[in-house]
Amino acid sequence: MQQWPSYPKAIGFCIVLRLLLALSLDLYLSPPSLDAYSSHNGDKVVQFINDGPGLLSASSPLTLYANLKESLWLYHHGIDPYGSGIGQSPLYLALSFFPSIVDHTPINSQILSKAFEYLLWTIPDAFSAWFLVKIWTARAPSSFKSSSSIAFLLPTIYLLSPYGILPFLARSTGVWENAVLLGAIAWACDHAPNFKSKSLLLLALRTHLSLDAFILLPPLILLLLGSPESMLAEPRPFALRAQFTVFRAAGSLVLEFMAYWSALTLISTLIVGHWRWMSATWGASLSLPSMTPNPGLWWYFFTEMFDHFRPFFLVVFNIHLLMYVAPICIKFQHDPLYALFILLGILATFKSYPTLSDHGLFIAFWAIFPEVYPYLRHPFPTFLVLLHSALLQPLFAHLWLSHGTGNANFYYASTLVGACAGGMAVVDAVWAGLRIAIEKAGKDVKEVVEGEEMVVVTQQ
Amino acid sequence: MRLLSFALFLLLYLPLLSPSNASSQHTNNWAVLVCSSRYWFNYRHMANALGMYRTVKRLGIPDSNIILMLADDAACNSRNKFPGSVYANPGRHLDLYGENIEVDYRGYEVTVENFLRLLTGRLPDSFPRSKRLLTDSSSNIFIYLTGHGGNEFLKFQDNEEVSAHDIADAFHQMYEGGRYNEIFFMVDTCQANSMYSKFYSPGILATGSSVVGENSYSHENDYDIGVAVIDSYTHYVLEYMEKVNKTSRLTMADLFTSYDVPKIGSHPGIRSDLFERPLGPGNPDHPMSEYGWGKGWTVEGGGEWMGRESEGGKSARGFREALITDFFGGVVDVDVNNEDNDEFLHLFEYEDSECSPIPKTPLPPSSNKTHSSPATSLPSLFSLLDVLDSYPSLRPHLALTLLVALFVIVFGGVLSGRS
């Protein structure tokens, strides 16, 4: 068997490739010149991605690079960045500590600030890839070798897939959100000292950046109290000595999470100076103030409905996200990492402002559960529907917005197909995760009854 | 090699040698029709604009290329005996209001600011496409103003005035932004010729209804409606335009030589010195070269025509004549070039931000400032908030420090207990 390079080399190689791609695209689109006018052009790479292949999908209003820059500029000049009612988390405003990221006016600081920006968006992705490998090693330690093909392919595919590259080039803040979330999961899997606090702090940070991640708290707590190893084949009730101890342990973890969350809230309030940022950031995911089209399901629905019904449907859509948590956590209590994975899929499909980063995270996570692959009922149609939607979405967005020959229905139809793919993937994952148990149970039965030639028919 | 590069460098100047923009063929037509008066007694100005609108539409410019600015208070005025209609002739033969007119700026939206912003394109993003002049460098624009005016000003809605200098500057901004190929400017007010006297951008042909010091008069009253229904100058221009259809080869000189001073009641003027193309020979009975002379013209020195001297040289340069359908014709090719407009607008946006910096206002203080309880910890809280307000950069620095401290505490393992 050929010896694959180790995963740190893989990560380093992919990062270098990405930086080369970004730099060459940057040099091609905005050749360096000493003309003062060019510094006002904005970043041409971001514009190119946001008008081209990543139209509407690389960033949402909550993750847009232009919104980040605008809020940093406003904050730097003493104006309230949340005046418009929608904005990004105040923790990003702490970046105004580095003034070069706010203003690009002198030419030498332009180069420095560009280098700094590239660093700021590359490092989280490197960490994301490393966290993915950590999760993989924690899940299947017996079959893991440092130079096995999966350890090489996992970070490579994550870093070089279009779901990773487009948000990186568009400088969407979804890159940071993914890194933080993957860090939370990685530390929950990896039983290093003090791992629970690290994981909870990172999830608190992630929930601060985007409130939808709150639904990942229950499976994460189960993961912290359990183990990440693959227990799909052996379902058993979640028991940690006794039920009461389980609740007490979970309760203390929840309290710790709330403590970190309150600390971050206070820090955010300190940054901004008032409390209105909560309705602008968290309220934005809940109440949908911006109808900017995105690859999600909410915007079209809410543009079409009368205002009279808006509160009702907002409640419906939000509860739709919440209602999957309990059933999935109960059903997959023996394997909380799998529950987390399914909830990631639900989040990617049904949250209010999804972007390519969310879909990319869900797709990357599929690589961590190879034991379910034989039990998937329709992997190939799911993949084809996803491909169909992924290829048509930018095309229809382009037709609608740039060419003016299509209309919103084209784009929304391709989004619906994407949601169909997401739904198919989640349903298939649930099916396969439960199917393994039946298979294993069947094998157990077969082993017990050895005398008779009992053939357990398994359907695949 | 150097010689070759120098020759190539010279080639960059080749576009300067080419004929200027004005003689190049236009590809689309736009019309901006403005009635700057309101109230019932200015019914005739509404009828002027609506009559011109109907003519412009009949000759082929679609509603999407017409910006109609009216106060629009005549048709449904409670004094209107024929509600929902606006007529331009005493017999009420033709309802100009009809059922499918599109008024883009109505009522109190007809302001000087909106008019100038419409021309220059410096509108906020919230303005819809129907309210924008989406012209490009190959658009011919017909701009028609009517209302009450005076020497170098036009009164808008009885409230404010736009001066000839403002319009001239707006036209020059349009020229520099490549927002027109040629402009035909027609104005029907008192002392109208003063409105075009200040233009200085190339490619503009202008005509007005009366000289400085002279009034323009209404044409006819309708005794059932009770007010004057049309202005004299516009009436005769529209009457002439009825002879024009989409395929006419009638030149602008034919229009200008049709002016009949005894009938119109005032002395219309022309300005063509900024316009590069020849106006044409005119009516053979009273050709263009005799504009302003002959019977009916009583002004000394000939009827007012700025650019009479340069008219001869134009035909020598081989440009084709200006046809009426150049400005009133149908749309040949609509091409909205948004990227150029956006870059141009971005230039102006940044210049604005440098000229008028946003004042630095301190961030609002935290809402939990109370003056009631005299606990010992509160004075320190007050002073902390004051310090934070007076040093605005302290907030992110402090917050970043706290954030880093939190992460160091958790990740450094100081928080022991549960592992």
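Since the structure is predicted, the reported quantities are computational estimates derived from the model, not experimental observations.

Each value, and the rule that gives it
Residues numbered from 1 in each chain as written. Chains lettered and ligands numbered in written order. Predicted model: local features only at pLDDT ≥ 70, side-chain atom pairs only at ≥ 80, totals over all residues. Heavy atoms only, no water. UniProt positions renumbered as here; feature names shortened; annotations may be inferred. Helix = DSSP H or I, 4+ residues; strand = E, 2+ residues; numbered from the N terminus. Axes fitted to C-alpha atoms, helices over the stretch in contact; angles between N-to-C directions. Parallel < 35°, antiparallel > 145°, perpendicular 65-115°, else oblique. Left-handed = near helix turned anticlockwise from the far one by under 90°. Contact = heavy atoms within 4.5 Å. Nonpolar A, V, L, I, M, F, W, Y, C, P; charged D, E, K, R; others polar. Polar contact = N/O pair within 3.5 Å; in protein donor to acceptor, adjacent residues only side chain to side chain. pLDDT = per-residue confidence, 0-100. Pairing = 2+ DSSP bridges. Buried < 20%, exposed > 50% of the residue type's maximum accessible area, 1.4 Å probe, protein only. Salt bridge = Lys/Arg side-chain N within 4 Å of Asp/Glu carboxyl O.

### A closer look at the UniProt feature "transmembrane region" (unreviewed entry) in chain A
Part 1 of the argument: Residues given the UniProt feature "transmembrane region" (unreviewed entry) here are residues 150-170, 203-225, 246-272, 309-330, 337-353, 383-401 and 413-434 of chain A.
Part 2 of the argument: When the span residues 383-401 of chain A is considered, its composition is 100% helix and 0% strand, and the gap between its end C-alpha atoms is 27 Å.

### Some details on the packing of helix H7 (residues 162-169) of chain A against helix H17 (residues 356-365) of chain A
Residues and elements named next belong to chain A.
Part 1 of the argument: Following both chains from N to C, one finds H7 and H17 inclined at 150 degrees, their axes separated by 8 Å at the closest point. By the angle between their directions, the pair H7 and H17 is classed as roughly antiparallel. For the pair H7 and H17, the crossing hand works out as left-handed. Between H7 and H17, the contacting residues are Tyr163, Leu166 and Pro167 on the first element and Leu356, Ser357, His359, Gly360 and Ile363 on the second.
Part 2 of the argument: A class-by-class count of the residues in the contact of H7 with H17 yields 5 nonpolar, 3 polar and no charged.

### Notes on the UniProt feature "active site" (unreviewed entry) in chain B
All names here are of chain B.
Part 1 of the argument: In the numbering adopted here, UniProt assigns the feature "active site" (unreviewed entry) to His148 and Cys190. A compact arrangement is adopted by the annotated residues: their sequence extent is 43 residues, whereas the largest C-alpha distance between any two is 6.4 Å.
Part 2 of the argument: Look past the residues within four positions of histidine 148 in its chain and what remains in contact with it is Ser36, Ser37, Asn42, Arg44, His45, Leu154, Lys155 and Thr189.
Part 3 of the argument: Among the polar contacts listed, one links the side chain of histidine 148 to the side chain of asparagine 42, at a separation of 2.8 Å.
Part 4 of the argument: Looking at where cysteine 190 falls in the secondary structure, it is placed in the loop between strand S8 (182-188) and strand S9 (204-208).
Part 5 of the argument: If we skip the residues at most four places from it in the chain, cysteine 190 touches Gly149, Gly150, Ser210, Glu214, Asn215 and Ser216.

### Remarks on the confidence of the model for chain B
Residues and elements named next belong to chain B.
Part 1 of the argument: Confidence in the prediction of chain B, expressed as mean pLDDT, is 80, and 78% of residues score 70 or more.
Part 2 of the argument: Confidence over residues 13-22 falls short of pLDDT 50; this stretch has 7 contacts with residues more than four positions distant or in other chains.
Part 3 of the argument: Taken as a whole, residues 347-378 scores under 50 in pLDDT and shows 33 contacts with residues more than four places along the chain or in a different chain.
Part 4 of the argument: Per the prediction output, this complex has pTM 0.58; the corresponding ipTM is 0.77.

### Observations regarding the sheet that holds strand S5 (residues 148-150) of chain B
Residues and elements named next belong to chain B.
Part 1 of the argument: Pairing is antiparallel across the open sheet formed by 3 strands, whose spatial order is S5-S6-S7. At either margin of the open sheet sits one strand with a lone partner, and together these are S5 and strand S7 (160-163). Each strand of the sheet is rotated relative to its neighbour by a mean of 30 degrees, with strand direction disregarded.
Part 2 of the argument: As paired elements, strand S6 (residues 153-156) and S7 share 4 bridges and run antiparallel to each other. By the bridge assignment, phenylalanine 153 is partnered in S7 with serine 163.
Part 3 of the argument: Seen against the sheet, helix H4 (residues 112-120) touches S6 and S7 and runs at an angle of roughly 35 degrees to S7.

### Topic: the environment of aspartate 95 of chain B
Residue and element names in this part refer to chain B.
Part 1 of the argument: For aspartate 95, the position within the fold is in the loop between strand S2 (66-70) and strand S3 (105-106).
Part 2 of the argument: A residue is classified by how much of its surface remains accessible, and aspartate 95, at 31% relative accessible area, is partly exposed.
Part 3 of the argument: Between the alpha carbons of aspartate 95 and alanine 47 there is a distance of 9.7 Å; along the sequence they are 48 residues apart.
Part 4 of the argument: Residue contacts for aspartate 95: discarding those within four places in its chain leaves Gly84, Ser85, Val86 and Tyr87.
Part 5 of the argument: Side-chain polar atoms of aspartate 95 contact the backbone nitrogen of valine 86, separated by 3.1 Å.
Part 6 of the argument: In terms of polar contacts, aspartate 95 uses its side chain to reach the backbone amide nitrogen of glycine 98, at 3.4 Å.

### So, the pairing of strand S10 (residues 218-221) of chain B
All names here are of chain B.
Part 1 of the argument: One ladder, built from 3 bridges, connects S10 with strand S11 (residues 228-231); its direction is antiparallel. Note that in S11 the partner of glutamate 220 across the bridge is isoleucine 230.
Part 2 of the argument: Counted between consecutive antiparallel strands, the loop separating S10 from S11 contains 6 residues, among which glycine 226 sits at a positive phi close to 95 degrees.

### Observations regarding the sheet that holds S2 of chain B
All names here are of chain B.
Part 1 of the argument: Here 8 strands make up an open sheet; going across it, the order is S3-S2-S1-S4-S8-S9-S12-S13 and the pairing mixed. Single-partner strands in this sheet number two, and they are S3 and strand S13 (305-306).
Part 2 of the argument: Against the sheet, H4 engages strand S1 (28-35), S2, S3 and strand S4 (139-146), with an angle of about 170 degrees to S2.
Part 3 of the argument: Packed onto the sheet, helix H5 (residues 164-176) meets S4, S8 and S9 and runs at close to 165 degrees relative to S8.

### Focus on the side chain of threonine 207 of chain A
Residues and elements named next belong to chain A.
Part 1 of the argument: Of note, threonine 207 is situated in helix H9 (residues 195-209).
Part 2 of the argument: By relative accessible area, threonine 207 is classed as buried at 0%.
Part 3 of the argument: Apart from residues no more than four positions distant in its own chain, threonine 207 is found in contact with Ala213, Phe214, Phe257, Trp261 and Trp282.

### Quick look at the pattern of salt bridges
Residues and elements named next belong to chain B.
Part 1 of the argument: Inspection of every chain in the model, using the stated rule, returns 24 salt bridges over all chains.
Part 2 of the argument: The residue lysine 57 makes a salt bridge to aspartate 63 at a minimum N-O spacing of 3.2 Å.
Part 3 of the argument: Under the relative-accessibility criterion, lysine 57 is labelled partly exposed at 26%.
Part 4 of the argument: Using a relative accessible area of 18% as the deciding quantity, one classes aspartate 63 as buried.
Part 5 of the argument: As a salt-bridge pair, arginine 92 and aspartate 224 come within 3.1 Å of each other at their nearest N and O atoms. Taken as a pair, arginine 92 in the loop between S2 and S3 and aspartate 224 in the loop between S10 and S11 lie far apart in primary sequence, 132 residues in all.
Part 6 of the argument: Judged by relative accessible area, arginine 92 falls into the partly exposed class, the value being 26%.
Part 7 of the argument: Shared partners join several salt bridges into a network, and the residues in it are Glu182, Arg277, Arg320 and Asp326.

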